Amino acid sequence: MVLNTAVILAAGAGTRMKSKIPKVLHKVCGMSMIESVIKEVKSSHIENIIVIIGNGAEAVEEELSDMNVSFVLQKEQLGTGHAVLQAKDSIPDSGDVIVLCGDMPLITQETIKAFMKYHKENNHDISILTAELENPFGYGRIVKDDNGLVNKIVEQKDALEEELLIKEVNSG
């Protein structure tokens, strides 16, 4: 049996929110952002859910204690790639892995299912969900090579002038 796994990133400090509450625990429509993400993941028939915690780890664990997820601690927040790497030993050897942000409460099971279907049907090793925005301010840009393959994702604050002109962005 092929098991799909979701790794949900929830370790960041969320400094721009200027709150002592961990970013993913802020409520939208009466539910914490991360609970919304987990609910949609479970509705997508993904049962193996790993939550990467760091900032406010105890509060996040407590909030999610009845949601049947596992936790992996990212002791130092050294970026997204580092966060995902922390889950390596908890991910089964077979099946696909979807990485989601815990602060994306508008993700839907329909989007998750369509994305996973696209990934499988195209037999990709890796897929990135992107969007094209007329005004991409604040988003990480998808930088592609001459063949149209993703070369890197560059955050706005780190982007070169020509990269800031790119309208295709990382959806998280």
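For the structure itself, consult the block above.
Basis of the calculations
- Residues numbered from 1 in each chain as written.
- Predicted model: local features only at pLDDT ≥ 70, side-chain atom pairs only at ≥ 80, totals over all residues.
- Heavy atoms only, no water.
- 1 Å grid on protein atoms, 1.4 Å probe; cavity = no way out; pocket = protein on both sides within 12 Å on 5 of 7 lines; lining within 4 Å.
- Points joined across faces, edges and corners; volume = space filled by probe spheres on them.
- Nonpolar A, V, L, I, M, F, W, Y, C, P; charged D, E, K, R; others polar.
- Pairing = 2+ DSSP bridges.
- Helix = DSSP H or I, 4+ residues; strand = E, 2+ residues; numbered from the N terminus.
- Axes fitted to C-alpha atoms, helices over the stretch in contact; angles between N-to-C directions.
- Contact = heavy atoms within 4.5 Å.

*Asks:* How should the layout of surface pockets be read in this particular structure?
*Replies:* Rolling a probe over the atoms, with the probe sized like a water molecule, indicates the empty space that remains. One number sums up the size of the second largest pocket: a volume of about 200 Å³. Contributing to the lining of the second largest pocket are Ile126, Ser127, Ile128, Thr130, Lys144, Gly148, Leu149, Val150 and Glu168. The class makeup of the residues in the lining of the second largest pocket is four nonpolar, three polar and two charged.

*Asks:* Got a minute to help me understand the sheet that holds strand 1 (residues 5-10) in this structure?
*Replies:* Hydrogen bonds between backbone groups are what pair the strands of a sheet, and the pairing can be parallel or antiparallel. In space, the four strands of this open sheet follow the order 5-4-1-6, with parallel pairing throughout. Of all the strands in the sheet, just strand 5 (70-73) and strand 6 (97-101) have a single pairing partner and so form its edges. On average, each strand axis in the sheet is inclined to that of its neighbour by 25°, with strand direction left out of account. Both strand 4 (residues 48-53) and strand 5 contribute to a ladder of four bridges, which runs parallel. Counted as the bridge partner of Val51 is Phe71 from strand 5. Its contacts with the sheet place helix 1 (residues 33-43) against strand 1, strand 4 and strand 6, and it is angled at close to 175° to strand 1.

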